[in-house]
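Now for the letters of each chain:
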Amino acid sequence: MQDIDNVGKTGRHTMAFEMMGHHAFNADEGTDYAYEGEVYWKEECVAYCEGFFERFGVDLEELVYIEYPWCGGGNAGPALEVIYRGLELATLVFMSMERDPDGEYELHDGNSYSLMDRRIVDTGYGLERWTWMSQGTPTVYEAIYPEMIDTLTESVGIEHTEEEAAIVHDAARLSGTLDIDDVDDVEAARAEIAGELGVDVDRLRALVEPLEDIYAIADHSRTLAYMLGDGIVPSNVGTGYLARMVLRRLKRLADGVGVDAPLDELVDIQAERLGYQNRDTVREVVRTEVEKYRETLARGERRVESLAEEYAREGVPIPAGELVELYDSHGIQPDTVEEIASEHGVDVAAPDDFYALVADRHEGGQAEETVDSEDERRFTDLPETDRLYYEDQSRMEFEAMVLAVIEREDREGADYDVVLDQTMFYPEGGGQPADHGTLSTDDLTVDVLDVQQVGDVVVHRTDGDPGTGEFVRGTIDRERRMRHMRHHTATHIVGHAARQVLGEHIRQAGAQKGTDSARLDVQHYESVTEEEVTAIERRANNLVMADERVTQEWLDRNEAEKRHGFDIYQGGIPEGEQVRLIQTGPDTQACGGTHVSYTGEVGTIKLLNTERVQDGVVRLSYAAGEAAIEAVQRTERRLAATADVLDVSPAEVPETAERFFEEWKARGKRIEQLKEELAQARASGGDDGEEVDLDGTSAVVQRLDGDMEQLRATANALVEEGKVAVVGSAADGAQFVVAVPDGVAVDAGDVVGKLARRVGGGGGGPPEFAQGGGPDGEALEEALAEAPEILHEGLGD
RNA sequence: GGGCUCGUAGAUCAGCGGUAGAUCAUCCCCCUGGCACGGGGAAGGCCGCGGGUUCAAAUCCCGCCGAGUCCA
């Protein structure tokens, strides 16, 4: 991905590539590996490699080998880069060492390694480059998707004379050997090529640049086809984010050179070429994303425009800080800002280290992870616990021997870790909570409060010590376990139903099965509609009613993948050579959880809620079996309670609620009006208000016990009459409003402040209108009595 | 997984502790033979939801919900 800027320019960089390779496993004699002896090693490998090249008609004299020490993934060894005419065509890695803290060889990655008794040859070839080399086209792009390039050049309307075509061809050939790291290098390289061809640099640029963009467009399209075809959903996190970035870059490039075909068509050309079956979904995803991008841009444009106008008024350039903010929070590229700003005649202070400034905003906040390996060590000496819950998932009782009991002081309630030789208790894992239950000897019974898996050992956390060496009878809390099993099987069913309704791209992004409900996060590119929820619920329950068998089967990993594909790993990729496959009717998944035997046992599935947990991920919450019944009953009770309050039947609740809400709003408005009228009546009637003369202006000090709104209205009405208003209320503590007409030299904020202090509060506001108050309602009269004096003081200043 | 931004009238947004606003759209009136424009007016707001701070919260703080964006 770091070469993304090179795509299209050098003629050889592609964003996605297909890696070919072959391996040989050599094992020293006397080891007990399946393979023993040497298959082939360095010399033979190079010989095979050259034979391979020869078949392509390569002049072996032009092959260059560069040997270097390689390390990665915990292994190391010598490696050869095979280069033909400046192009790296293959890498041959010879792994002979493994990471070992006590190893005698220290390599350049800072780790120590020691020799292994296996030696592995691992070769790799980029398919695209071989295709290119064998085709002899000017660039790799014309070799791997020629019709796409043709479509694009035609769409953009590029036509070359023979002479021009020759220049482009030669330039492409030369640039293929370049490794360009930044923009300066591109220009330097271009000058070099122009010199070599005897062509003016500007002319070369004019000829080549549109083509470079076309190559990039074709390649970005292909990358997107790979990503979306493989089921990646654009999002603001993870690989989904990469997909979004590629798409937006593609959109900018396509608009830049004026490709008239819509993006989903470009991606579809590549998706078809790559043989994807889910092309309709891919197109839909692209269209949705393009629309989102368009909205983001429109939003950004408005934002930049108002910003540009603001800085235009001040006559200063837009500062770098604003640029960083625009990019980081709103996704607006600096060049977009410059473009819009220049239309408003504003400069932009674009810093050279722009992306460094962005990075600065992201530093820190790195969450550190504390690994508690102490637990692990405590149990490593114990033998693997035999897991009975896989043998018969419906059995809830078993007998076992206590192998070890470790007292814990750091946990409240669960004071002992008990390890048995075998157990029926399911430890927390795969999104399924731990079983609860009891362990009993003849003398005592202890509660199992939690069960965890530590390495190969199942640890039961209990509130008592059953005694090491004792035989115990274990009893699982049946109700709890059954709920988990129903929810677990329901999860497979809902996932399958969601796939049928929403599309083949649906992948599990996480799941949690609880006692009262369960949830499944799936990757999806838009919110799930109500209709889709209904459809998923119906399909899920159809599968429940079909009462299909739920079977488990242990299969060799390779065999399982061959038979069912990689989609079995919805819940993550398990360890070990054997995988446990759970077949739920038409759905097959690798899963370590406990399940019911027939889908009918799930009882019923009720979808409770859907939410967008993040962009590109939708969370489905649901309940199964008795939990589903309980959930429905809860909802019904709420509806019944609501209907009861409204005094109507449940069926009438929606329209009644709407009517009430409308009426409530209308009444609020009417009250507002009446208050206004009341205030005016009071002000003009002058009831119980004390009128004070203030150097020719009259001021009214009045008490009326109402809310703030009434005070304001009354004060405003008095000001209309040209009077200074001081209005007080003791309805809720003590509150004041002071309003002053234009041209009267009284500071309302000041007056309110002084009044409010007398009731133990504060207040303030602009000079012509202020409000305030305090908790001491008793002191209101006293404060109002002092108002005339305060007003005079104010005038005196 | 982490950071940042935004939720205010039907739409786009301003206000960022002290009386909820602008523009467009809507409706009415005026201008004109009619339309575009122009002029005048009206209607339209749980200021996303819930807590907290404060005399006072659209505004500050916390939580939730929703939208967006950048980085790994």
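Residues numbered from 1 in each chain as written. Chains lettered and ligands numbered in written order. Predicted model: local features only at pLDDT ≥ 70, side-chain atom pairs only at ≥ 80, totals over all residues. Heavy atoms only, no water.

Of the regular secondary structure elements, chain A holds 22 helices and 28 strands. Compactness check: chain A gives a C-alpha radius of gyration of 38 Å against a globular reference of 28 Å for 797 residues, more than 25% above the reference. The dimensions of chain A, computed from C-alpha atoms along their principal axes, are 115 × 95 × 55 Å. Intrachain contacts of chain A at a sequence separation of at least 6 include 62% that bridge at least 24 residues. (Helix = DSSP H or I, 4+ residues; strand = E, 2+ residues; numbered from the N terminus. Rg over C-alpha atoms; globule rule 2.2 N^0.38 Å. Contact = heavy atoms within 4.5 Å.)

All right, on to the nonpolar core then. In this structure, Phe-53, Leu-92, Leu-152 and Ile-217 are the most contacted members of the largest nonpolar core, which totals 69 residues. Residue contributions to this core peak at 13 residues, all from helix H7 (residues 201-229). Residues within four places of Leu-152 in sequence aside, it is in contact with Ile-214, Ile-217, Ala-218, Val-259 and Leu-266. Formed by 46 residues, the second largest nonpolar core is a distinct cluster that contains Ala-434, Ala-540, Val-602 and Leu-607. (Core = buried A, V, L, I, M, F, W, Y, C linked by side-chain atoms within 4.5 Å. Buried < 20%, exposed > 50% of the residue type's maximum accessible area, 1.4 Å probe, protein only.)

Between H7 and helix H8 (residues 238-257), the shortest axis-to-axis distance is 9 Å and the interhelical angle comes to 150°. One finds that H7 runs roughly antiparallel with respect to H8. Considering how the two elements wind past one another, H7 and H8 form a crossing that is left-handed. When H7 is examined against H8, the residues Pro-210, Asp-213, Ala-216, Ile-217, His-220, Ser-221, Thr-223, Leu-224 and Met-227 are found in contact with a partner set consisting of Thr-239, Leu-242, Ala-243, Val-246, Leu-247, Arg-249, Leu-250, Leu-253, Ala-254 and Val-257. Looking at side-chain class alone, the contact of H7 with H8 contains 13 nonpolar, four polar and two charged residues. (Axes fitted to C-alpha atoms, helices over the stretch in contact; angles between N-to-C directions. Parallel < 35°, antiparallel > 145°, perpendicular 65-115°, else oblique. Left-handed = near helix turned anticlockwise from the far one by under 90°. Nonpolar A, V, L, I, M, F, W, Y, C, P; charged D, E, K, R; others polar.)

Once that is clear, we can look at the protein's contact with RNA strand B. Near RNA strand B there are 37 residues, and of these Gly-238, Tyr-241, Arg-248, Thr-296 and Asn-716 occur at the shortest range. Sugar plus phosphate: this is where 58% of the atoms of RNA strand B within 4 Å of the protein reside. Note that a phosphate oxygen of RNA strand B is positioned 2.6 Å from one of the side-chain N or O atoms of Arg-248. A distance of 2.7 Å is found between a sugar or linking oxygen of RNA strand B and a side-chain nitrogen or oxygen belonging to Arg-302. Class assignment of the residues belonging to the surface near RNA strand B gives a composition of eight nonpolar, 17 polar and 12 charged. (Near = heavy atom within 4 Å. Polar contact = N/O pair within 3.5 Å; in protein donor to acceptor, adjacent residues only side chain to side chain.)

It is worth spelling out the packing of helix H10 (residues 279-314) against helix H11 (residues 320-330) at this point. The N-to-C vectors of H10 and H11 enclose an angle of 165°; their axes lie 12 Å apart at closest approach. Between H10 and H11, the interaxial angle falls into the category roughly antiparallel. Like other packed secondary-structure pairs, H10 and H11 cross with a definite hand, here right-handed. Where H10 approaches H11, its residues Thr-296, Arg-303, Val-304, Leu-307 and Tyr-311 are matched on the opposing element by Glu-322, Leu-326 and His-330.

Okay, H8 next. When the terminal C-alpha atoms of H8 are compared, their 30 Å separation across 20 residues agrees well with the 28 Å that a helix rising 1.5 Å per residue should span. Among the residues making up H8, those that are buried are Gly-240, Ala-243, Arg-244, Val-246, Leu-247, Arg-248, Leu-250, Leu-253, Ala-254 and Val-257. Buried residues belonging to H8 abut helix H4 (146-156), H7, helix H9 (263-273) and H10. Just beyond H8, the residue with positive phi is Gly-258, at close to 80°. (Expected span 1.5 Å × (residues − 1).)

To continue, consider the domain arrangement of chain A. Taken domain by domain, chain A consists of domain 1 (16-133), domain 2 (137-275), domain 3 (297-362), domain 4 (373-476), domain 5 (489-634) and domain 6 (684-796). Computed from C-alpha coordinates alone, the two centres of domain 4 and domain 6 are separated by 75 Å. (Domains from an automatic or database assignment.)

This part covers the sheet that holds strand E24 (residues 697-703). Here six strands make up an open sheet; going across it, the order is E23-E24-E25-E26-E28-E27 and the pairing mixed. The open sheet is flanked by strand E23 (690-694) and strand E27 (762-764), the only strands paired with a single partner. Geometrically, the sheet is characterised by an average inter-axis angle of 15° between neighbouring strands, direction not taken into account. When strand E25 (residues 724-729) meets strand E26 (residues 734-739), the two strands line up antiparallel, connected through five bridges. Residue pairing for E26: Val-727 is matched across the bridge by Val-737. Across the sheet, helix H20 (residues 708-720) lies against E24, E25, E26 and strand E28 (769-774), angled at about 25° from E26, the strand it touches most. (Pairing = 2+ DSSP bridges.)

On to the sheet that holds strand E16 (residues 508-513), then. Hydrogen bonds between backbone atoms are what pair the strands of a sheet, whose relative direction is either parallel or antiparallel. On the basis of which strands lie adjacent, the open sheet formed by four strands has the order E16-E17-E22-E21 and antiparallel pairing. In the strand order of this sheet, the two ends are held by E16 and strand E21 (605-614), each with one partner. Geometrically, the sheet is characterised by an average inter-axis angle of 15° between neighbouring strands, direction not taken into account. Packing against the sheet, helix H18 (residues 626-646) makes contact with E21 and strand E22 (617-624), and its axis sits at approximately 100° to E22.

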